[in-house]
Every structure is written in C-alpha cells, then in structure tokens.
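Here is how the chains run, residue by residue.
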Amino acid sequence: MKCIRCSETAVYRRVYSGELLCATCFSSSIVMKVAKTISQYSMIEYGDAIAVGVSGGKDSLTLLYILNILSKKHNNRLIAITIDEGISNYREESLAIASEFSKALGVEHRIFSYKELFNNTLDEMLIIRDTNSLKLSSCSICGTFRRRALDIAASKVDADVLATAHNLDDYVQTFFMNVFAGDIDRIGFMHPKPIRYARGLRKIKPLISIYENEIIFYAMINNIPFQADQCPYMNESIRNDIRRFLNSLEKEHAGIKYNMFNSILKISEMIKGNEKHKKCNICNMDSSMDICSACKMKMLVTKI
Ligand code: SF4
Ligand code: ZN
C-alpha cells in the first residue's frame, strides 16, 4: 500500500479520514495539525516564553519535541517543567527521562516538587487521606496540586504561556468527567482559545486534536524515549473507566472520538463566557470560587 501523499510505502492508516501515510508524511501531518491548532486558537505569539509541562510520558515529551521544531521559526523560548509529585518507585525514572531528553533538545529543564511547594509528597498526602477516611481519589488530589504547581512554576520561570500535553482522548474523557460531575461551567473552560488570566499567563493544550495512539506512534517513529510504566495510583480514577468505555466505542465505530471532539468544541464555544473569574481569599491565585480548590485540598490532606 502506498502513502497517499508521496507514494512511499504506507505504515499508518488514519481511521477517521481513511488516509494511508508513510512514516515521514505521518510525522509531518502531526506537526502540521499541532501548528494548525496553535494558530486557529491564537495560542502562542511571536517571542513568547513557553513553559512546557513535561512529565516524562509520551504525550509531554512529544509536545516538547514538536514545540521545539515550531518555536525555532517564531523566536519562542522553551522551558521544560517537571512536577515531582513524590510517588516512590515511579517518578524517579520519568524525571531522568525528562531531564535527559530536554538536554538533548537543548531546552532548559526545571523540576518543582509537591514537597517543596506544599510541604508534603503525594505519598504522604494519601496517608493523611486514608488516616482520615476521606473519600478523595488519588488523581483528584494529585491533579489539583499539579495544576497549581504548574501555575507557580510557569510564574517562577517568567513564562507567557503554559503548554500541557492533553491529547484528544484526554479532552473527550475530561468532557465526560465534567458531565458526570454535573460541572457544566467547567465545559466552558475547555474551549481551546486561551483565557488571559490576570497575571497574563495563557494556558494552552496544543495536542488536543491528536489521538493518543497517534502520539504513541509519532513518539516511536521519531525515537522519542518515554516512561511506559503507569502510575501505581492510576486505576483509582474514574477517568480510567471512561477511557475504557470510549476505547470500546471507538473499536466498534472508528472515528467516533474525533466526532465527539468536534462536538465538544462547539458545546464549549456555546458555554464559554459563563465561567466565574475571582481571586482566592487565601492564596490570591485565580479561582472560580472564593477559596480555590488547591487551598481547600491543602486543608484536607497536607500537614504544615
Ligand atoms: Fe497523579 Fe493520578 Fe497521574 Fe498518578 S495517575 S500521576 S496519581 S494524576
Ligand atoms: Zn487559594
């Protein structure tokens, strides 16, 4: 079978479009899709300093790799940021991969830890949760602190933009999580055009139009190393149940996730603007409530 773009041997069939692509045309199609998402939603401006959240997994290293290609043309400074949650026997390997890969690309790499920012590692927070029989999943605790840690890190490195590596699968899963939680306002926040927060930081997700399996394939054919082990706490998340459900739908109805993604873009466009923008009464960071979720979570699961 031949690539529809250059007649080389095809190695990939894109299910939702039917395209057959060789490795080179597949790779350039991914970079072009990311560039199109960035430009369509005005995510990055000429000269911006971009903090890139890099966990050491396939999505974030692929994002760093692609932004490194694109940033050269637009005079953007990249700073790779890794958040060390403090998960024993898991995070150490990904920290090393993130650090070495950033160095190989010539990108500055900084590490910020929960211990340093919130006085406790995630492992310690989970012990406090269990001791107090709190009904909070590991990922809801971890995700709340990671968002805050990335905000603080982006501000410490003077970034104009904070880029994170959510892919199309993550995006669709997040939509269902918000629906199941009855949190319709958050769907407005899902619109890809970045909100300009008071401090000027724009948060962007340049990989949202790319399927997770395409990111894995891109990482493999471009020799991007990544940590394959999963976080030991991952199975506790409802996201995992939603992921399995969506993958089973996709297996029977190829392209259904892509259709959902396009529907979510339209729904979030209709809802956006209803979000509440306030300052947290405790930490003064941007929040939709009087007390932000990070401060609420700190009161529950950290010891000062
Ligand atoms: Fe944190 Fe959950 Fe991700 Fe593990 S799977 S790093 S607990 S958000
Ligand atoms: Zn707060």
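In this report, the structure presented in the accompanying data block is examined. (Residues numbered from 1 in each chain as written. Chains lettered and ligands numbered in written order. Predicted model: local features only at pLDDT ≥ 70, side-chain atom pairs only at ≥ 80, totals over all residues. Heavy atoms only, no water.)

## Structural notes on the coordination of the zinc ion (ligand 2)
Put simply, a metal with four donors set out as a tetrahedron has ideal angles of 109.5 degrees, and one with six donors set out as an octahedron has ideal angles of 90 or 180 degrees.
Here's step 1: Donor atoms from the polypeptide that coordinate the zinc ion (ligand 2) comprise C280 (SG), C283 (SG), C292 (SG) and C295 (SG), at 2.2 to 2.3 Å from the metal.
Here's step 2: For the zinc ion (ligand 2), the 4 donor atoms in the first shell make angles of 104 to 113° at the metal, a pattern classed as tetrahedral.
Here's step 3: For the zinc ion (ligand 2), the donor residues sit on a single chain with the sequence spacing C-x2-C-x8-C-x2-C. One end of the pair, C283, is in the loop between β8 (278–279) and β9 (286–287); the other, C295, is in helix α12 (residues 293–301), with 12 residues separating them in the sequence. (Donors = N, O, S within 2.8 Å, 3.2 Å for Na, K, Ca; no water. Tetrahedral: all angles 85-135°; square planar, octahedral: opposite > 155°, others 65-115°. Helix = DSSP H or I, 4+ residues; strand = E, 2+ residues; numbered from the N terminus.)

## Observations regarding the packing of helix α1 (residues 23–40) against helix α9 (residues 212–221)
Here's step 1: Relative orientation of the contacting elements α1 and α9 amounts to 125°, with a least axis distance of 10 Å. It follows from the interaxial angle that α1 and α9 lie oblique. Crossing angle aside, the handedness with which α1 passes α9 is left-handed. Counted together, A23, F26, S27, I30 and V31 of α1 and E214, F217, Y218 and I221 of α9 form the full contact between these two elements. (Axes fitted to C-alpha atoms, helices over the stretch in contact; angles between N-to-C directions. Parallel < 35°, antiparallel > 145°, perpendicular 65-115°, else oblique. Left-handed = near helix turned anticlockwise from the far one by under 90°. Contact = heavy atoms within 4.5 Å.)

## A short note on the sheet that holds strand β6 (residues 161–163)
Here's step 1: A sheet is described by the order of its strands in space; here 5 strands give the open sequence β5-β4-β3-β6-β7, paired in parallel fashion. One side of each edge strand has no neighbouring strand; the edge strands of this open sheet are β5 (108–113) and β7 (202–204). Strand-to-strand twist across the sheet, computed as the mean angle between neighbouring axes with direction ignored, equals 25°.
Here's step 2: Here strand β4 (residues 77–84) pairs with β5 via 6 bridges, running parallel. Bridge pairing links A80 to H109 in β5. (Pairing = 2+ DSSP bridges.)

## Details of the environment of D84
Here's step 1: Topologically, D84 is positioned in strand β4.
Here's step 2: Along the primary structure D84 and G182 are separated by 98 residues, whereas in three dimensions their C-alpha atoms are 31 Å apart.
Here's step 3: Not counting residues up to four positions away in its chain, the partners in contact with D84 are R91, L95, I111, F112, S113 and Y114.

## A word on unusual backbone geometry
Here's step 1: With a phi angle near 50°, S133 is a residue other than glycine that sits in the positive phi range.
Here's step 2: Position of S133 relative to the elements: it lies in the loop between α5 (122–131) and α6 (138–156).
Here's step 3: Owing to a relative accessible area of 60%, S133 belongs among the exposed residues under this scheme.
Here's step 4: With a phi close to 60°, D158 is a non-glycine residue in the positive phi region.
Here's step 5: On the accessibility criterion, D158 (60% relative accessible area) is exposed. (Buried < 20%, exposed > 50% of the residue type's maximum accessible area, 1.4 Å probe, protein only.)

## Thoughts on the nonpolar core
Here's step 1: Core analysis: the biggest nonpolar cluster contains 55 residues, and V52, L64, L67 and V172 have the highest contact counts within it.
Here's step 2: Every residue in contact with V52, bar those within four places of it in the chain, is listed here: L63, L64, L67, L78, I79, A80, I81 and A163.
Here's step 3: Formed by 28 residues, the second largest nonpolar core is a distinct cluster that contains I81, L122, A154 and L201. (Core = buried A, V, L, I, M, F, W, Y, C linked by side-chain atoms within 4.5 Å.)

## Let's talk about the environment of P225
Here's step 1: Summarising the element assignment, P225 is placed in the loop between α9 and α10 (238–252).
Here's step 2: The spacing of P225 and F101 is 124 residues in sequence and 7.7 Å in space, taken between C-alpha atoms.
Here's step 3: For P225, the contacting residues outside a window of four places in its chain are L61, I97 and F101.

## As for the side chain of T82
Here's step 1: By the element assignment, T82 lies in strand β4.
Here's step 2: On the accessibility criterion, T82 (0% relative accessible area) is buried.
Here's step 3: Within polar-contact distance, the side chain of T82 engages the backbone oxygen of V54 at 2.8 Å.
Here's step 4: Setting aside residues up to four positions removed in sequence, T82 forms contacts with V54, L95, A98, H109, R110, I111 and F112. (Polar contact = N/O pair within 3.5 Å; in protein donor to acceptor, adjacent residues only side chain to side chain.)

## Observations concerning the site of ligand 1
Here's step 1: Near ligand 1 you find E85, I87, L122, C139, C142, R146, C231, Y233 and M234, and these make up its full shell.
Here's step 2: The leading source of residues in the shell around ligand 1 is α6, at 3 residues.
Here's step 3: Partitioned by chemical class, the residues of the shell around ligand 1 number 7 nonpolar, no polar and 2 charged. (Near = heavy atom within 4 Å. Nonpolar A, V, L, I, M, F, W, Y, C, P; charged D, E, K, R; others polar.)

## Things to note about the packing of aromatic side chains
Here's step 1: Counted according to the given criterion, the structure contains 14 aromatic pairs.
Here's step 2: When the centroid spacing of 4.6 Å and the interplanar angle of 50° are considered together, the rings of Y12 and F26 count as tilted. Of this pair, Y12 sits in strand β1 (residues 12–13) while F26 is found in helix α1, placing the two residues 14 residues apart along the sequence. Exposure class is identical for Y12 and F26. Each is buried.
Here's step 3: With centroids separated by 5.5 Å and ring planes inclined at 80°, the aromatic side chains of F175 and F176 adopt a geometry described as edge-to-face.
Here's step 4: An aromatic cluster of three or more residues is present, and its members are Y16, Y171, Y211, Y258 and F261. (Phe/Tyr/Trp six-rings, centres within 6.5 Å; stacked < 30°, edge-to-face > 60°.)

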